[in-house]
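If you want the building blocks of each chain, they are given just below.
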Amino acid sequence: MLMPKRVKYRKTHTAQRIKGPSKRGTRLAFGDYGLKALEPRWITARQIEACRVTIVRYLRKKGKIWIRIFPDKAITKHPAETRMGKGKGAPDFWVAVVHPGRILFEVEGLDAKDAKEAFTRAGHKLPILTRMVSREN
């Protein structure tokens, strides 16, 4: 599971505006095809890992994959059946803040049909709408 090795502060502020388009990471940098986010949302480390496993299993030995997002924001939670108060809860899971237009994954070394199928399967694991983009577009 993806998470930072070290962080300066364990507990980050939860409120963060996700409105508006992505400012960076909107163009293909490594591969020939990419999976682009169309909605703003938090994407958890588990969801990123599920997508990675799906793409890798579909690609088998051919092709190469790049993960363009990283979960660097800790989300805290209180344990179940705990009374209110007593400060902020312990870090529970990690998320990546994704804005519309952000490239999530990139692949190379395969044709458009295989890339489309791999990204369709990976898109089903995510809580947002996604679209495949290519270098030609």
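For the structure, see preceding data.
It should be emphasised that the depicted structure is a prediction, and the values quoted were computed from it without experimental measurement.

Visitor: Tell me what's going on with the nonpolar core, and back it up with residues and numbers.
Guide: Counting 20 residues, the largest nonpolar core has I43, L104, F105 and V107 as its most contacted members. Put simply, the parts of the chain that give this core at least two residues each are strand 1 (33-37), helix 1 (45-59), strand 5 (90-98), strand 6 (103-108) and helix 2 (112-123). Residue contacts for V107: discarding those within four places in its chain leaves G31, D32, Y33, I55, L59, K64, I65, W66, A115 and F119.

Visitor: How would you explain the sheet that holds strand 5 if you had to name every residue and give the values?
Guide: Across the sheet, 3 strands lie side by side as 2-5-4; this open sheet has antiparallel pairing. Strand pairing shows two members of the sheet lacking a second neighbour, strand 2 (41-44) and strand 4 (73-77), which therefore form its edges. Between one strand axis and the next, the sheet turns through 50° on average, direction left out of account. With 4 bridges connecting them, strand 2 and strand 5 associate as antiparallel partners. Looking across to strand 5, one finds that W42 is bridged to V97.

Visitor: Go over the sheet that holds strand 1 with me, naming the residues and quoting the values.
Guide: Overall, antiparallel pairing links the 4 strands, which are arranged 3-6-1-7 in an open sheet. Whereas interior strands pair on both sides, the edge strands pair on one side only; in this sheet they are strand 3 (64-67) and strand 7 (130-134). Averaged over neighbouring strand pairs, the angle between their axes works out to 20° when direction is ignored. When strand 1 meets strand 6, the two strands line up antiparallel, connected through 4 bridges. Its bridge partner lying in strand 6, G34 is registered against E106. Here helix 1 sits on the sheet in contact with strand 3 and strand 6, set at roughly 15° to strand 6. Each of strand 1, strand 6 and strand 7 is contacted by helix 2, which is oriented at about 30° to strand 1, the strand it contacts most.

The rules behind these values
- Residues numbered from 1 in each chain as written.
- Predicted model: local features only at pLDDT ≥ 70, side-chain atom pairs only at ≥ 80, totals over all residues.
- Heavy atoms only, no water.
- Core = buried A, V, L, I, M, F, W, Y, C linked by side-chain atoms within 4.5 Å.
- Buried < 20%, exposed > 50% of the residue type's maximum accessible area, 1.4 Å probe, protein only.
- Helix = DSSP H or I, 4+ residues; strand = E, 2+ residues; numbered from the N terminus.
- Contact = heavy atoms within 4.5 Å.
- Pairing = 2+ DSSP bridges.
- Axes fitted to C-alpha atoms, helices over the stretch in contact; angles between N-to-C directions.

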